[in-house]
Amino acid sequence: MNLASRLSDAASAGQVLVDESCAALVGDAAQWLPSQPLVLKGLPDPVPVRLLGALGPPREPAVRTSFVNRAHELAALDEALRRTVA
């Protein structure tokens with residue numbers, strides 16, 4: 001059973017649902033809206049979830065690791081992020 005897949009299936013078009021542990025990792029980099037716990041196939045108890053309301057402004061990561069000889073891959077990731085938040 002894949003929780004992310006179940007949450008994706010439960011979300012309406014344009015919605016992003018995550019469990020509380022994921023929302024906690026993202027923290028205040030996003031605005032989270034409360035949602036009713038969901039009963040998901042394969043899980044015995046309802047799952048507390050959060051609905052993505054909005055993304056906060058981009059910020060620098062706490063730790064910056066280097067990509068050695070990965071300029072092409074890093075540029076692709078930067079472009080994907082730019083398209084996502086646009």
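Residues numbered from 1 in each chain as written. Predicted model: local features only at pLDDT ≥ 70, side-chain atom pairs only at ≥ 80, totals over all residues. Heavy atoms only, no water.

1. As for the overall build of the protein
Formally: Counting from the N terminus, the helices are the DSSP runs of H or I reaching at least four residues and the strands are the DSSP runs of E reaching at least two. We compute the radius of gyration over the C-alpha atoms and compare it with the globule rule, which gives 2.2 Å times the number of residues raised to the power 0.38. Relative accessibility thresholds used throughout: buried, under 20% of the residue-type maximum; exposed, over 50%; partly exposed, between the two (1.4 Å probe, protein chains only). Only heavy atoms matter for contacts: two residues are in contact if any of them lie within 4.5 Å across the pair.
Scanning the protein from N- to C-terminus turns up 3 helices and 3 strands. Mapped in sequence order, the helices and strands of the protein form the string α-β-α-β-β-α. By the compact-globule yardstick of 12 Å for 86 residues, the protein is too spread out, its C-alpha radius of gyration being 16 Å. Expressed as a percentage of its 86 residues, the buried residues of the protein come to 13%. Once local pairs closer than 6 in sequence are excluded, the contacts in the protein between residues at least 24 apart make up 52%.

2. A look at the sheet that holds strand β3 (residues 49–55)
To keep things clear, this is the line we draw: When DSSP finds at least two bridges between two strands, those strands are taken to pair. To define axes, lines are fitted to C-alpha atoms, for helices over the stretch in contact only, and angles between the resulting N-to-C directions are given on a 0 to 180 degree scale.
In spatial order, the strands read β1-β3-β2; together these 3 strands make up an open sheet with antiparallel pairing. Edge positions in the sheet fall to β1 (17–19) and β2 (30–34), since each has one partner strand and no second. Geometrically, the sheet is characterised by an average inter-axis angle of 45 degrees between neighbouring strands, direction not taken into account. As paired elements, β1 and β3 share 3 bridges and run antiparallel to each other. Across the sheet, leucine 17 pairs through a bridge with leucine 51, a residue of β3. Contacting β1 and β3, helix α1 (residues 3–10) runs over the sheet at an angle of about 145 degrees to β1.

3. Considering the pairing of β3
Two elements, β2 and β3, share 5 bridges in a ladder whose sense is antiparallel. Note on β3: the bridge partner recorded for glutamine 31 is alanine 54.

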